[in-house]
Amino acid sequence: MPLVGVLLSGCGVFDGSEIHEAVLTLYFLKRYGADYLCMAPNIEQYHVINHLTQQETNEKRNVLVESARIARGEIRDIKDVKAEDIDALILPGGFGAAKNLSDFAFKGDRARVQPEVERLLKEMVNHKKPIGAICIAPATVTKALEGMAPEITIGQDIQTASLLEKMGAKHHFCRVDEVWVDLKLKLVTTPAYMLGPSILDVAQGIERLVREVLALTRL
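Residues numbered from 1 in each chain as written. Predicted model: local features only at pLDDT ≥ 70, side-chain atom pairs only at ≥ 80, totals over all residues. Heavy atoms only, no water.

### Focus on the sheet that holds strand S11 (residues 187–190)
- Pairing in this open sheet of seven strands is mixed, and the strands run S5-S2-S1-S6-S7-S11-S10 from one edge to the other. At either margin of the open sheet sits one strand with a lone partner, and together these are strand S5 (75–77) and strand S10 (180–182). The mean angle between the axes of side-by-side strands here comes to 25°, regardless of whether they run parallel or antiparallel.
- Relative to S5, strand S2 (residues 35–40) is paired through three bridges, and the arrangement is parallel. Residue Met39 lies in a different strand from S5, and its bridge partner there is Arg76.
- Against the sheet, helix H2 (residues 63–70) makes contact with S2 and S5, and its axis sits at roughly 165° relative to S5, the strand it touches most. (Pairing = 2+ DSSP bridges. Helix = DSSP H or I, 4+ residues; strand = E, 2+ residues; numbered from the N terminus. Axes fitted to C-alpha atoms, helices over the stretch in contact; angles between N-to-C directions. Contact = heavy atoms within 4.5 Å.)

Here is the structure:
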């Protein structure tokens, strides 16, 4: 049974992991015969957003602690996970993927990736193990793999695609139910809520992404 790492970035679309995307990832992994290992960096969130008002609050929250809500407490600090421990890695989206795993949301093509996240992504590529990235998460993956010319999709957002290409990616426009597979890097991406509009729509692309990632573990 493949063991797939799922890299979370908090809990909630505006400041952490997009919960629908994260849960669908876990669901489809189990449905297609894989097990998963949830992980997150043990760092402070960039900020906390009230998801009712969508306004920033004065709270402080920890990315690992918040991610544990999605993982039902079964989660590890990413610093304790190495590529040798897992067969593949998937990053759900949500603004946390571009605020906590990197600062792409604020610095665009000048972004920096959280050091442990960058380490694990590069290790996965060096070990020729597949990576899946959902929604805006391909931005963090692109920056971490800068210089490797990853082929990715974030959907049909021309401005964001342009920033990704400035970081060396080759962007492909895709529908919400589609994925793009970069066989060279074993990288699979899908737009999910970059396009939406509903959980039924994003589920189609996430299901395909999970299936493609698992297929790549067998190559």
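### As for the side chain of Glu21
- Among the secondary structure elements, Glu21 is positioned in helix H1 (residues 19–31).
- Although Glu21 is buried, it forms no salt bridge, and the closest oppositely charged side chain is Lys99 at an N-O distance of 14 Å.
- Of note is the side chain of Glu21, whose polar atom sits 3.2 Å from the backbone nitrogen of Tyr193.
- Look past the residues within four positions of Glu21 in its chain and what remains in contact with it is Pro92, Gly93, Gly94, Ile134, Cys135, Ala192, Tyr193 and Ile206. (Buried < 20%, exposed > 50% of the residue type's maximum accessible area, 1.4 Å probe, protein only. Lys, Arg positive; Asp, Glu negative; His and termini not counted. Salt bridge = Lys/Arg side-chain N within 4 Å of Asp/Glu carboxyl O. Polar contact = N/O pair within 3.5 Å; in protein donor to acceptor, adjacent residues only side chain to side chain.)

### Some thoughts on the environment of Ala149
- For Ala149, the location among the structural elements is in the loop between helix H6 (137–144) and strand S8 (151–155).
- Along the chain, Ala149 and Ile70 lie 79 residues apart, while their C-alpha atoms are 32 Å from each other.
- Excluding residues that lie within four positions of it along the chain, Ala149 makes contacts with Gly168, Asp182 and Lys184.

### Details of the environment of Gly5
- Topologically, Gly5 is positioned in strand S1 (residues 3–7).
- The spacing of Gly5 and Arg211 is 206 residues in sequence and 15 Å in space, taken between C-alpha atoms.

### A look at the packing of H1 against helix H8 (residues 199–216)
- Taken N-terminus to C-terminus, the directions of H1 and H8 make an angle of 45°; their axes are 9 Å apart at the nearest point. Taken together, the axis directions place H1 and H8 in an arrangement best described as oblique. The two elements H1 and H8 cross, and the hand of that crossing is right-handed. Within the contact between the two elements, H1 uses His20, Glu21, Leu24, Thr25, Phe28, Leu29 and Arg31 and H8 uses Ile199, Val202, Ala203, Ile206, Glu207, Val210 and Leu214.
- Looking at the contact of H1 with H8 residue by residue, the class counts come to nine nonpolar, two polar and three charged. (Parallel < 35°, antiparallel > 145°, perpendicular 65-115°, else oblique. Left-handed = near helix turned anticlockwise from the far one by under 90°. Nonpolar A, V, L, I, M, F, W, Y, C, P; charged D, E, K, R; others polar.)

### Points about the nonpolar core
- Grouped together as the largest cluster of nonpolar side chains are 36 residues, with contacts concentrated most on Leu89, Leu91 and Leu121.
- Listed by contribution, the elements that provide at least two residues to this core are S2, strand S6 (88–91), helix H3 (96–99), helix H5 (115–126), strand S7 (131–134), H6, S8 and helix H7 (158–166).
- Ranked by residues supplied to this core, first place goes to H5 with five residues.
- Contact partners of Leu121, with chain neighbours within four places excluded, come to Leu89, Leu91, Ile131, Thr140, Val141, Ala144 and Leu145.
- One finds Leu64, Ala88, Leu209 and Val213 within the second-largest nonpolar core, a separate group that totals 34 residues. (Core = buried A, V, L, I, M, F, W, Y, C linked by side-chain atoms within 4.5 Å.)

### As for the layout of surface pockets
- Of the pockets and cavities examined, the largest pocket occupies roughly 160 Å³.
- Lining the largest pocket are Val13, Glu18, Gly94, Phe95, Ala98, Phe104, Ala105, Cys135, Ile136, Tyr193 and Met194.
- For the lining of the largest pocket, a count of residues per class yields nine nonpolar, one polar and one charged. (1 Å grid on protein atoms, 1.4 Å probe; cavity = no way out; pocket = protein on both sides within 12 Å on 5 of 7 lines; lining within 4 Å. Points joined across faces, edges and corners; volume = space filled by probe spheres on them.)

### Side note on the side chain of Ser67
- With respect to the helices and strands, Ser67 occurs in helix H2.
- Residues within four places of Ser67 in sequence aside, it is in contact with Leu8, Ser9, Gly10, Ala40 and Ile75.

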